[in-house]
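# A look at the structure
Okay, here's what each chain looks like letter by letter:
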Amino acid sequence: KYIINGTIRYEGSNQLGKSTRARWLPTWNLSGAWNMHEESFFKKLKPTFSNLTIKASYSLTADRGPYWVTNSNVVIQSYNPWRPFTSVKETGLEIDQLENSDLTYEKKHELNIGVDMGFLNNRINVAFDWYKRNNYDLIGRITTMGVGGEVDKYGNIASMKSHGEELTISTRNIDGKDFKWETNFIFSHTKNEVTDLEAHSRIIDMITGMGFAMEGYPVRSLFSLDFKGLNSKGIPTFVNEDGDIVTSNINFQSYDTSHLVYEGSTDPTITGSFGNIFSYKGFKLNIFATYSFGNVIRLDPSFSSIYSDLDAMPKEFKNRWTQSGEENITNIPVIADTRERQQDSHLNYAYNAYNRSTARIAKGDFIRMKEISLSYDFRSKLIERLKLTSLSLKLQATNLFLIYSDKKLNGQDPEFFNTGGVAVPVPKQFTLTLRLGI
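One structure accompanies this document, and this report is about it. Within every chain, residues take consecutive numbers counted from 1 along the sequence as written. Only residues with pLDDT of at least 70 are given local features in this predicted model, and only at 80 or more are side-chain atom pairs given and counted; all residues enter the totals for whole chains, interfaces and linings. Computation of side-chain values covers all heavy atoms of the structure but excludes hydrogens and water.

Elements are defined by DSSP. Helices are runs of H or I of four residues or more, strands are runs of E of two residues or more, and each kind is numbered from the N terminus. Assigned secondary structure in the chain consists of 5 helices and 23 strands. Here the C-alpha radius of gyration of the chain, 29 Å, is well above what a compact globule of 438 residues would show, namely 22 Å. Taken along its principal axes, the extent of the C-alpha atoms in the chain is 85 × 65 × 50 Å. Only protein chains enter the accessibility calculation, which uses a 1.4 Å probe; a residue whose area is less than 20% of its type maximum is buried, one above 50% is exposed, and one in between is partly exposed. Relative to its full complement of 438 residues, the chain shows a buried share of 38%. A sequence separation of at least 24 residues applies to 66% of the contacts in the chain between residues at least 6 apart. Working note: accessible area of the chain is about 25600 Å², and carbon and sulfur atoms make up 54% of it. Values of the radius of gyration come from C-alpha atoms, whereas the globule rule sets the reference at 2.2 Å times the count of residues to the power 0.38. Residue contacts are counted whenever heavy atoms from the two residues lie within 4.5 Å of one another. Accessible surface is estimated by sampling points in the Shrake-Rupley manner with a 1.4 Å probe; for residues, cover comes only from the protein chains shown.

Right, here's the structure in full:
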């Protein structure tokens, strides 16, 4: 009826600092469950209510952090000092990273509460889980005043909180002798926020890659330059750090990020799947779809101030600016000519900014037909005749198509990313499998 589990672990790591409070850490977990269906009063609820289990856990866990953070001790490396002649060269030693004796574990407190329910002799099963996490002492790079001779250092600089829910429903809709139909549905929702971050970042850091962390926002937040349309020459314009609307007068190295626009999280907040399995005698048909919502995507950075015959241009170029007045009907910039590049030697800044602006954002929401498969288990008479123990044939198709996605993606796949944008579409796969048991 009642289950209680508890664990405790005490460990140390040479990857962490010399300080005793940094290197050694006790972690623990306490969990329990109440199987209410084992109670005598629950018999009155059967078979409508088949089972009910309530469970909870609370823990402190830890991680040693990224493997590349090794400055718990001073990091010394060799180098070749400059000498006027190669014949007198020698090897020297220099400090690459200063020691951080207080470098300690990344820690996490987590609370989980869940319930498992079964109805109609377990023909309907429902599981719901809720969690809350508080992460602290997270390791990252911090920019300092340079005391000691090192400007950027690794240390325990951040904290974050998160919570989420997950719902799983499994049903046996039809459970006949020859025909069966099963349905499985999974829904997961999560949300996180950086609560403390002792770091300052440049504009270029926050608008490139797969999202960046900023206090008060999700851990992988996407920021953009504020796009203000095309000018009369078809060149994109933006709000810079001084609040002016400019084309190329943008300082990507500035630490003033107040003019950036928050787009959303690059991590989806809602994920899940929906599947149905149909069985008839030896045949089995599986139809399985996945879905994801709540994130944003930076479109592929395809625009530049200059192109060559080796460049492949996306279909957006068909709607680009070509003559005066079209800045009112399109936001796709002009293909700059030689005169434009000569008049503005920093024109490439404008196109780099456009690739990382509010104009190049799409929703990452999608529903994908992930798999359709049909299998057949041959009858025992044929298996005996062939002197086999089992024989089955299966045709499987995966990643067939997207049922729904943002039209702004223009064929780019929302589920797979590369640096600065999304990758090529996921290839379709067809597999024919013959299984023989001897």
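There's plenty left to go through after this.
For Phe, Tyr and Trp, where Trp contributes only its six-membered ring, two rings pair if their centres lie within 6.5 Å, and the inter-plane angle classes them as stacked under 30 degrees, edge-to-face over 60, or tilted in between. Here the structure, examined in full by the defined rule, presents 20 aromatic pairs. Consider the rings of Phe-42 and Phe-49, whose centres lie 5.4 Å apart with planes at 55 degrees: the pair is tilted. Among the residues examined, Phe-42 registers a relative accessible area of 1% and is labelled buried. Both rings, one in Phe-303 and one in Phe-317, keep their centres 4.8 Å apart while their planes meet at 10 degrees; by these two values the pair is stacked. Of this pair, Phe-303 sits in the loop between strand S17 (296-298) and helix H3 (338-343) while Phe-317 sits in the loop between S17 and H3; the two residues are 14 residues apart in sequence, bridging distant segments of the chain. Phe-303 gets classed as buried once you look at its relative accessible area, which sits at 3%. Within the aromatic cluster, the residues linked to one another by ring pairs are Phe-227, Phe-238, Phe-303, Tyr-307, Phe-317 and Tyr-354. A positively charged side chain is recorded as over a ring if its NZ (Lys) or CZ (Arg) lies within 6 Å of the ring centre. The angle to the ring normal must also be within 35 degrees. Here Arg-368 stacks its cationic end above the ring of Phe-366, 5.6 Å away from the centre of that ring.

For salt bridges, the criterion is a side-chain nitrogen of Lys or Arg within 4 Å of an Asp or Glu carboxyl oxygen. Enumeration according to the criterion identifies 18 salt bridges in this entry. Connected via shared salt-bridge partners are Lys-55, Asp-116 and Asp-129.

Let us now look at the sheet that holds strand S7 (residues 124-143). Strand order in the open sheet made by the 12 strands is S1-S2-S3-S6-S7-S8-S9-S15-S16-S19-S20-S23, with antiparallel pairing throughout. Of all the strands in the sheet, the pair left with one neighbour each is strand S1 (2-12) and strand S23 (429-437). Taking each pair of neighbouring strands and ignoring which way they run, the sheet shows an average axis angle of 10 degrees. Alignment of S7 against strand S8 (residues 152-175), held across 18 bridges, turns out to be antiparallel. Whether two strands pair depends on DSSP finding at least two bridges between them. To get an axis, fit a line to the C-alpha atoms, keeping to the stretch in contact for a helix; angles then go from 0 to 180 degrees between the N-to-C directions.

Within the open sheet, the 3 strands sit side by side as S11-S12-S13. Their pairing is antiparallel. The open sheet has two edge strands with one neighbour each: strand S11 (227-230) and strand S13 (245-246). Contacts between helix H4 (residues 347-355) and the sheet are confined to S11 and strand S12 (236-239), with S12 contributing the most and set at about 70 degrees to the helix.

Moving on, we get to a nonpolar patch on the surface. Think of a patch as exposed residues, more than 30% relative accessible area, with no salt bridge, where like charges cluster within 9 Å and nonpolar side chains (Val, Leu, Ile, Met, Phe, Trp, Tyr) cluster within 5 Å. Taken together, the side chains of Ile-4, Ile-8, Trp-28, Leu-30 and Tyr-58 define a hydrophobic patch exposed on the protein surface, amounting to about 560 Å² of accessible area. Within the residue set of the nonpolar patch, elements represented by two or more residues are S1 and strand S2 (24-35). You can see Trp-28 is positioned in strand S2. When its relative accessible area of 32% is taken as the criterion, Trp-28 is described as partly exposed.

Right, let's talk about H4 for a bit. Helical geometry note: an α-helix holds 3.6 residues per turn, so side chains three or four residues apart project in the same direction. Residues of H4 that are buried: Leu-347, Ala-350, Tyr-351, Ala-353, Tyr-354 and Asn-355. The inward-facing, buried residues of H4 abut S11, S12, S17 and H3.

The next thing to look at is the pairing of strand S16 (residues 283-293). In this sheet, S16 lies alongside strand S15 (residues 270-280) in antiparallel orientation, the contact comprising 11 bridges. For Ser-279, the partnering residue across the bridge sits in S16 and is Lys-284. Remark: 2 residues form the turn of the hairpin made by S15 and S16, two consecutive strands paired antiparallel; Lys-281 in that turn has positive phi of roughly 55 degrees. In terms of strand pairing, S16 meets strand S19 (residues 366-377) through 10 bridges, oriented antiparallel. Note on S19: the bridge partner recorded for Asn-286 is Ser-373.

Another aspect to go through is unusual backbone geometry. The omega torsion of the bond from Lys-46 to Pro-47 falls at 0 degrees, within 30 degrees of zero and hence cis. Even without glycine at this site, Leu-120 takes up a positive phi of about 55 degrees. One can find Leu-120 in the loop between strand S6 (106-119) and S7. Assessed through its relative accessible area of 46%, Leu-120 is described here as partly exposed. Positive phi, close to 65 degrees, is recorded for Asn-122, a residue that is not glycine. Position of Asn-122 among the secondary structure elements: in the loop between S6 and S7. Asn-122 sits in the partly exposed class, given a relative accessible area of 32%.

Turning to the nonpolar core, a few remarks are in order. In plain words, nonpolar cores are sets of buried Ala, Val, Leu, Ile, Met, Phe, Trp, Tyr and Cys residues tied together by side-chain atoms within 4.5 Å. Counting residues in each nonpolar core, the largest one holds 26 residues, and the members touching the most others are Leu-225, Phe-238, Leu-260, Phe-303, Tyr-351 and Tyr-354. Secondary structure elements with two or more residues in this core: helix H2 (203-207), S11 and H4. Among the elements that take part in this core, H4 stands out by supplying 5 residues, more than any other.

Among the secondary structure elements, Ile-54 is positioned in strand S3 (residues 49-63). Exposure remark for Ile-54: the relative accessible area of 37% places this residue in the partly exposed category. Taking C-alpha positions, Ile-54 is 49 Å from Pro-301, a pair spaced 247 residues apart along the chain. Setting aside its immediate chain neighbours within four residues, Ile-54 contacts Gly-32, Ala-33, Trp-34, Met-36, Gly-114 and Val-115.

The next subject is the layout of surface pockets. Gaps between atoms show up when a probe of the same size as a water molecule is rolled over them. The space that makes up the largest pocket amounts to roughly 1100 Å³. For each structure, a 1 Å grid was placed over the protein atoms alone; sets of points admitting a 1.4 Å probe that cannot get out are labelled cavities, open sets with protein on both sides within 12 Å along at least five of seven lines are labelled pockets, and lining residues have an atom within 4 Å of a point. Looking at the largest pocket, it is lined by 40 residues, and the ones nearest its centre are Ile-139, Leu-197, Phe-212, Ala-213 and Val-219. The set of elements that each furnish at least two residues to the lining of the largest pocket consists of S7, S8 and strand S9 (179-197). The leading source of residues in the lining of the largest pocket is S7, at 9 residues. Grid points are joined across faces, edges and corners, and a volume is the space filled by probe spheres set on the points.

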